[in-house]
Amino acid sequence: MGLVQRQSIKYSIMNWVGVLIGVFSTLFIYPHALEEYGLMRFLLDTSMLLFPLLSIGINSLTIRFFPQFENSERGHHGFLGVLLLWGVAGYAFFALLALLGWPYIFEFYKGRSVLFPQYLWLLFPLSFLTLLNSIFSQYTINFKRIVIPSLLLDFSQKVTLPLLVLAYWQHWISLELMLTGVVVYMVVVTAGFVTYIVYLRAWFWRPDFYFFNWAMVRKMLDYAAFGMIGGIGFVLVSKLDGWFVTTYINLKSNGIYAISAFIANVMEVPARAVITISIPLIAKHFHEKNMDAIALLYRQVSINMFIAGLLLFGAFWVSVTPFFQIIANGDVLEVGRPVILLLGTAKLVDMATGLNNYILNYSPYFRYSYLQIALPAILSIGLSIWLVPVLGMTGAAIASLCATSFYNLISLGLNWYFFRMQPFSMQLLKALLFAGLAFGITWLLPMPAQAWVAVFVKSGTFTLLFGVAILGFDVSPDLNNLVNKFLKR
C-alpha cells in the first residue's frame, strides 16, 4: 500500500481543496440559480451518460491493454493513437445517428422546459470533449500520474462552474454566455491534457500497425464490446437518476437533486484517490498472475474506504438540521434531505465492497461484467420509471440505492466464485460499531442555538470520538501507520 498511500495523499489534498470550494458553491451560489444549474448539470451528466456508447468501450482498453503495449523506446506502439482513432470513429457513428433522430429527440424535450429548444444542441460538442478528456485522463493513469489529470478534469470544474453560475446569478453574463463558457472550459481542459502528455513524453499518436496481430485485435474487440456493455450499465446505475429527475419532473428539481448528490459524493473523495491508483495495480497483478497481491489489496482498500465513508457521512448527518439553516434557500433545498441519506448509504455500500467491481472487470472473466451490470441497470431503469413519477427525487434516490447494492452484491458473488476473494473482515464490523456509538453519543448532546456553532460542535465531536476509537483499537493498520509517520515527521 506504500505507492497507493503516497499517490492517494497527494490526490486527496488537492481534491479536499476542491471539496471546500464545492461546499461553498453548494451553500452560497448554486441555490440562487436552481433551474439554470439544473440545465448545466443535465448537459454535463448526459454527456457522461453517453460516453460508454460513443467510445465503443474504449475506456476498458486504456488500462487493461497498456501493459502489452508499454515500450517507451517504441512510443508504446502508438497506443494513444489507437485510442483516439477508436474514440473518434465511435463518436462519428453515433453522432450521425443522433442527427438523423434529432427531430424526435428535440420534440421529446421541447415541452419539458423553455430552455431545452435553445441549448439541447450543446450535447454534441460537450459529449465529444468529454470523450477526448476521458481518453487522455485514463491514458495518463498508466504512468502512475493521477494528480494533474484530476486537477484538469475534476478540480478545475469545481472552480469554473460556480464562477460561471455566479456571473449569471449576478447578471454579469447571460445564460447563453454561461453555457458557452462551459464548452470553452472543456476545450481548455483538452488542451491542458495534450500539453501534459507531451510534457510526459508520452504523446505518440501514430499507431504502430505492424505491432498488431489478428489475435490481439480480436481480443481487444472482444474486451471493448463487453467494456461498452459494462460502461453503459455502470452509468445507467450511477448517472441515470438525475436524468430521470429532469425528464419526469423539471430542471429546478434536478438542480436540487444535483446539490444533494454533491453532498453525498463528498464521501467519495478519499475513495476516488485509492481506486484511481489501485486500478493499474490490479491490471498489473493480473498480468503477472499475482492473486495474493490482489486479495491483499482488496481487503486493505475496503476497510480504509469504509472508515473514510463512515467518518464523512456521520460527521455530516449528525449536524444535518443546522446545515439546512445555514445554506442559502435551505427551506427549498431541505426537500433533498432524504436524497442525501439514501445516496450516502449507497456510497457506504460501494466503499465497503472496495475494488470488487474492478477486480472482475480486469480479470480473465471480464465477460461476466455483462451479468454484473446488466441486471442492476435493468433494475435501476424499472425502479426509476415506477418511483420517480410517484415519489419524485426520493424515488430516484431509492432506485439508485437499490441498483448500487444489487450491483455490488453480484460483484461480490462473482469474485468469490472465481477467485475465492471477499473484502469483509471483523474490522469492518468494528468500524460500523464505533461509528454507531460515536453518532449516538453526539446525537444526545444538546443542540447549540447558533447553526454554525451547532455544526462545528456536533460534527467535531463525532469526528473526535470516531477517530480516537479507530486509532485506539487499530482498526486499520494502514491508517495507524500513516498517523505514526505523520507524528514522527
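Residues numbered from 1 in each chain as written. Predicted model: local features only at pLDDT ≥ 70, side-chain atom pairs only at ≥ 80, totals over all residues. Heavy atoms only, no water.

### Digging into the overall build of the chain
Part 1 of the reasoning: Scanning the chain from N- to C-terminus turns up 23 helices and zero strands.
Part 2 of the reasoning: Considering the chain as a whole, with its 489 residues, one finds that 56% of them fall into the buried category.
Part 3 of the reasoning: Within the chain, counting contacts between residues at least 6 apart in sequence, those at least 24 apart form 84% of the total.
Part 4 of the reasoning: Carbon and sulfur atoms make up 69% of the accessible area of the chain, which totals about 22,000 Å². (Helix = DSSP H or I, 4+ residues; strand = E, 2+ residues; numbered from the N terminus. Buried < 20%, exposed > 50% of the residue type's maximum accessible area, 1.4 Å probe, protein only. Contact = heavy atoms within 4.5 Å. Areas by Shrake-Rupley, 256 points an atom, 1.4 Å probe, with all protein chains shown as cover.)

### Let's talk about the side chain of Ser-127
Part 1 of the reasoning: Assignment of secondary structure puts Ser-127 in helix H8 (residues 123–141).
Part 2 of the reasoning: At 2.7 Å, the side chain of Ser-127 and the backbone oxygen of Leu-123 are in polar contact.
Part 3 of the reasoning: If we ignore the near neighbours within four places in the chain, the residues touching Ser-127 are Ser-47, Leu-54 and Tyr-91. (Polar contact = N/O pair within 3.5 Å; in protein donor to acceptor, adjacent residues only side chain to side chain.)

### Quick word on empty space enclosed by the protein
Part 1 of the reasoning: Scanning all chains against the criterion turns up two cavities of 30 Å³ or more.
Part 2 of the reasoning: Lining of the second largest cavity is provided by Phe-42, Asp-45, Thr-46, Leu-49, Lys-239, Gly-242, Trp-243 and Asn-254.
Part 3 of the reasoning: Taken together, the elements giving at least two residues each to the lining of the second largest cavity come down to helix H2 (34–55) and helix H11 (214–248).
Part 4 of the reasoning: Sorting elements by how many residues they give to the lining of the second largest cavity places H2 first, with four residues.
Part 5 of the reasoning: Taken together, the residues of the lining of the second largest cavity sort by class into three nonpolar, three polar and two charged. (1 Å grid on protein atoms, 1.4 Å probe; cavity = no way out; pocket = protein on both sides within 12 Å on 5 of 7 lines; lining within 4 Å. Points joined across faces, edges and corners; volume = space filled by probe spheres on them. Nonpolar A, V, L, I, M, F, W, Y, C, P; charged D, E, K, R; others polar.)

### With respect to the pattern of salt bridges
Part 1 of the reasoning: Inspection of the entire model under this criterion finds two salt bridges.
Part 2 of the reasoning: When the shortest N-O distance is used, the salt bridge between Asp-45 and Arg-41 registers 3.0 Å. Highlighted residues: Asp-45 and Arg-41, both in helix H2, separated by four residues, approximately one helical turn.
Part 3 of the reasoning: Judged by relative accessible area, which is 14%, Arg-41 ranks as buried. (Salt bridge = Lys/Arg side-chain N within 4 Å of Asp/Glu carboxyl O.)

### What to know about the packing of aromatic side chains
Part 1 of the reasoning: By the definition in use, this model includes 22 aromatic pairs.
Part 2 of the reasoning: Relative to Tyr-37, the ring of Tyr-30 lies with its centre 3.9 Å away and its plane at 10°, an arrangement referred to as stacked.
Part 3 of the reasoning: On the accessibility criterion, Tyr-30 (8% relative accessible area) is buried.
Part 4 of the reasoning: Taking the relative accessible area as the measure of exposure, Tyr-37 reaches 5% and is therefore buried. (Phe/Tyr/Trp six-rings, centres within 6.5 Å; stacked < 30°, edge-to-face > 60°.)

### Considering helix H5 (residues 79–100)
Part 1 of the reasoning: Taking 1.5 Å of rise per residue, the 22 residues of H5 would be expected to cover 32 Å, and the 32 Å separating its terminal C-alpha atoms lies within 8% of that figure.
Part 2 of the reasoning: All of the buried residues in H5 are Phe-79, Leu-80, Gly-81, Val-82, Leu-83, Leu-84, Trp-86, Gly-87, Gly-90, Tyr-91, Phe-94 and Ala-95. (Expected span 1.5 Å × (residues − 1).)

### Description of the packing of H5 against H8
Part 1 of the reasoning: Contact geometry of H5 with H8 gives a least axis separation of 11 Å together with a crossing angle of 160°. As the angle between them shows, H5 and H8 are arranged roughly antiparallel. The interaxial crossing formed by H5 with H8 has right-handed handedness. Note on element contacts: H8 touches H5 through Phe-124, Pro-125, Ser-127, Phe-128, Leu-131, Leu-132, Ile-135, Phe-136 and Tyr-139, opposite Phe-79, Leu-80, Leu-83, Leu-84, Gly-87, Val-88, Tyr-91, Ala-95, Ala-98 and Leu-99.
Part 2 of the reasoning: In terms of residue class, the contact of H5 with H8 is built from 17 nonpolar, two polar and no charged. (Axes fitted to C-alpha atoms, helices over the stretch in contact; angles between N-to-C directions. Parallel < 35°, antiparallel > 145°, perpendicular 65-115°, else oblique. Left-handed = near helix turned anticlockwise from the far one by under 90°.)

### Section: H8
Part 1 of the reasoning: Across its 19 residues, H8 extends 27 Å between first and last C-alpha, which sits within 8% of the 27 Å expected from 1.5 Å per residue.
Part 2 of the reasoning: By the criterion of burial, H8 is predominantly enclosed, with 17 of the 19 residues buried.

### Remarks on the environment of Ile-197
Part 1 of the reasoning: With respect to the element layout, Ile-197 can be found in helix H10 (residues 175–199).
Part 2 of the reasoning: In this structure the C-alpha to C-alpha distance between Ile-197 and Pro-149, which are 48 residues apart in sequence, comes to 9.9 Å.
Part 3 of the reasoning: If we skip the residues at most four places from it in the chain, Ile-197 touches Leu-80, Phe-136, Tyr-139, Thr-140, Ala-202 and Trp-203.

### With respect to a nonpolar patch on the surface
Part 1 of the reasoning: A contiguous nonpolar patch, built from Tyr-365, Tyr-368, Leu-371, Leu-375 and Ile-378 and spanning about 460 Å² of accessible area, is present on the exposed surface.
Part 2 of the reasoning: Within the secondary structure, Tyr-365 is located in the loop between helix H18 (356–361) and helix H19 (369–391).
Part 3 of the reasoning: Classification of Tyr-365 by relative accessible area gives partly exposed; the value is 33%. (Patch = residues over 30% accessible without salt bridge, like charges linked within 9 Å, V, L, I, M, F, W, Y side chains within 5 Å.)

### Details of the environment of Val-183
Part 1 of the reasoning: Along the chain, the position of Val-183 falls in helix H10.
Part 2 of the reasoning: A C-alpha to C-alpha distance of 8.3 Å links Val-183 and Leu-129, two positions 54 residues apart in sequence.
Part 3 of the reasoning: Ignoring anything within four residues of it in the chain, the contact list for Val-183 reads Leu-122, Pro-125, Leu-126 and Leu-129.

### Focus on the packing of helix H14 (residues 291–317) against helix H22 (residues 451–472)
Part 1 of the reasoning: Contact geometry of H14 with H22 gives a least axis separation of 9 Å together with a crossing angle of 155°. One finds that H14 runs roughly antiparallel with respect to H22. H22 is crossed by H14, and the crossing has right-handed handedness. Along its contact with H14, which presents Ile-307, Leu-310, Leu-311, Gly-314 and Ala-315, the element H22 presents Ser-459, Phe-462, Thr-463, Phe-466 and Ile-470.

### Comments concerning the side chain of Thr-26
Part 1 of the reasoning: Take Thr-26: it is sitting in helix H1 (residues 2–28).
Part 2 of the reasoning: Assessed through its relative accessible area of 4%, Thr-26 is described here as buried.
Part 3 of the reasoning: Not counting the four nearest positions on each side in its chain, Thr-26 is found in contact with Pro-31, Ile-259, Phe-262, Ile-263 and Ile-327.

### Comments concerning unusual backbone geometry
Part 1 of the reasoning: Positive phi, close to 60°, is recorded for Lys-289, a residue that is not glycine.
Part 2 of the reasoning: Backbone geometry places Arg-420, a non-glycine residue, at a positive phi of 55°.

Keep in mind these values describe shape, not function.
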